[in-house]
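Architecture and fold: a report
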Amino acid sequence: MADMHVVGKERAVALASQGKLEEALAEYQGLSRSTPDDADVHQRVAELLEWLGRKADAAAAHETAALAWAKVDEPLRAVAACVALARLGATDAMKLRCARVLAERFALCPGVVAERPVPLFSRLSREDFVALVGVLEVRAFFPGQAVVEEGAAGASMFALVEGRAEVVRALEDGSRGVVGTVVPGDFFGELALVSEGPRLASVVASERAVLLELTRASLTAVAVRHPGVGEVLEDFYRRRLVDNLLRSNPLLSRLSAEQKAALSLDFRLRAVAPDEVLLAQGQPGDAFYVLLRGKCTPWLEQPGGRRMPLAELREGDVFGEISLLLDKPVSATVRADVKGVVLQLPRAAFEKHLLSQPGTKGLLMRMGTERLQNSARVLASGRVLHDGDLRV
């Protein structure tokens, strides 16, 4: 029986690829009756009905597919099928009914710890889950088509539902290369929701890809009526940004899993305005910073009002740790050149999580001493500063 089902799906795929949509639909509909729990078959029926312009039938089929995906624990596919109802002219009652069923399955259940928590959705209340589903959009991309372009302004985040994509960015030698892969279940582009800066990389579909998109405008609108959505989203992408930092930063990656989990709770995501002063020379350091988006220039304020620009801080750079380490005033002013975003770890959390660890504290002290000695030599020589010459 299983072999016949596989053969039937292969026959339906072949018919669809030949443009015989009605015949492919009939094949899939037969399969859906014989194997009603196959969510993929229900999805293909819905897609074929939509391609054939039968919107009412397609809407009903998408609802069936959404419920089938929910039964097999595929939240993104279920949500994508539910979101499709809007473009098919489904009634508000149908859209609401479908979203509420998915909320029952995947949203936060008070007092219940989910066995397989779903990123983002499982932290929303049921009401907020339904509200978020109502503003999501489904996007489809063909192989070679860019989902986002490096350098372009970002205004949305994505979740890959189906297919694969490659992360491509400019390399130091001027060429462009693949630096990562996006697979179903992955989220990307979330920094665009808190920053209007450019995309840091391109994401290009390597096969047909279906994605869910949440725009900044939609998030802003839904958060007015459902502030819980905005709060959960902010915490979601803050955690993801911190997790990336803990994996990639040479210092923080040394921490144990338990230490990383505790540290991640204390980082704060903060938007920075142009010309905002993050650290002021001569003042006590208040936090350890990681520059996620934007550009900052440290300035050394010298006698007579002369200001000496130091090495520019770029995305991924950390600063502020030396004054915390040595319990000394900040050695240079750090001012944002443009609008940006930083991760901020307050002094108390820095001392608790980093200075309390013997190995980490020793490494930080060596780094701080080397930087200060190098800075003293640089300033004494009067030469132009380069990256790595000075941190504050």
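This text follows the structure it describes.
Residues numbered from 1 in each chain as written. Predicted model: local features only at pLDDT ≥ 70, side-chain atom pairs only at ≥ 80, totals over all residues. Heavy atoms only, no water.

The antiparallel open sheet is built from 4 strands, whose spatial order is 1-8-3-6. The open sheet has two edge strands, strand 1 (137-141) and strand 6 (187-188), and neither has a second partner. Docked against the sheet, helix 5 (residues 75-87) engages strand 1, strand 3 (156-162), strand 6 and strand 8 (209-215), running at close to 110 degrees with respect to strand 3. (Pairing = 2+ DSSP bridges. Helix = DSSP H or I, 4+ residues; strand = E, 2+ residues; numbered from the N terminus. Contact = heavy atoms within 4.5 Å. Axes fitted to C-alpha atoms, helices over the stretch in contact; angles between N-to-C directions.)

Now for the pattern of salt bridges. Taken as a whole and judged by the stated rule, the model has 25 salt bridges. The salt bridge involving Arg 44 is made with Glu 162; its shortest N-O contact spans 3.1 Å. Within this pair, whereas Arg 44 is found in helix 3 (residues 39-51), its partner Glu 162 is found in strand 3, the two being separated by 118 residues in sequence. You'll find Arg 44 and Glu 162 in the same group, each marked buried. Of the charged contacts, one joins Arg 176 and Glu 150 as a salt bridge, the two residues approaching to 3.1 Å between their closest N and O atoms. Of this pair, Arg 176 sits in strand 5 (residues 176-182) while Glu 150 sits in the loop between strand 2 (146-148) and strand 3, and the two are 26 residues apart along the sequence. A single salt-bridge network, built from bridges that share partners, covers Lys 9, Asp 38, Asp 40, Arg 44, Glu 47, Arg 77, Glu 162 and Arg 208. (Salt bridge = Lys/Arg side-chain N within 4 Å of Asp/Glu carboxyl O. Buried < 20%, exposed > 50% of the residue type's maximum accessible area, 1.4 Å probe, protein only.)

The next point concerns the packing of aromatic side chains. Given two aromatic rings, their pairing is described by the distance between the two centres and the angle made by the two planes. Summed over the entire model, instances satisfying the criterion amount to 5 aromatic pairs. Each ring, one from Phe 187 and one from Phe 236, has its centre 5.1 Å from the other, and the planes form 65 degrees; the classification is edge-to-face. Taken together, the positions of Phe 187 in strand 6 and Phe 236 in helix 9 (residues 227-248) put the pair 49 residues apart, joining distant regions of the chain. Judged by relative accessible area, which is 10%, Phe 187 ranks as buried. Consider the rings of Tyr 289 and Phe 319, whose centres lie 5.1 Å apart with planes at 10 degrees: the pair is stacked. Of this pair, Tyr 289 sits in strand 11 (residues 287-293) while Phe 319 sits in strand 14 (residues 318-319), and the two are 30 residues apart along the sequence. Each of the two residues, Tyr 289 as well as Phe 319, counts as buried. (Phe/Tyr/Trp six-rings, centres within 6.5 Å; stacked < 30°, edge-to-face > 60°.)

A few words on the nonpolar core. Considering soluble globular proteins, one finds that nonpolar side chains tend to be buried as a cluster. Of all hydrophobic cores here, the largest spans 87 residues; its most connected members are Phe 129, Leu 132, Leu 233, Leu 252 and Phe 267. Among the elements that make up this core, the one with the highest residue count is helix 9 (9 residues). When residues no more than four places from it in sequence are discounted, the contact partners of Leu 233 are Leu 120, Leu 132, Met 157, Leu 193, Leu 214 and Leu 219. Counting residues in each nonpolar core, the second largest holds 14 residues, with Phe 141, Val 167, Val 182 and Phe 188 among its members. (Core = buried A, V, L, I, M, F, W, Y, C linked by side-chain atoms within 4.5 Å.)

As a further point, take the side chain of Arg 44. By relative accessible area, Arg 44 is classed as buried at 15%. At 3.1 Å, the side chain of Arg 44 and the side chain of Glu 162 are in polar contact. Excluding anything up to four places from it in sequence, Arg 44 contacts Tyr 28 and Glu 162. (Polar contact = N/O pair within 3.5 Å; in protein donor to acceptor, adjacent residues only side chain to side chain.)

Of note, Ala 271 is situated in strand 9 (residues 268-272). Here the alpha-carbon distance between Ala 271 and Ser 195, two residues 76 residues apart in the chain, equals 7.5 Å. Each residue touching Ala 271, except ones within four places of it in the same chain, is listed here: Glu 276, Gly 340 and Val 341.

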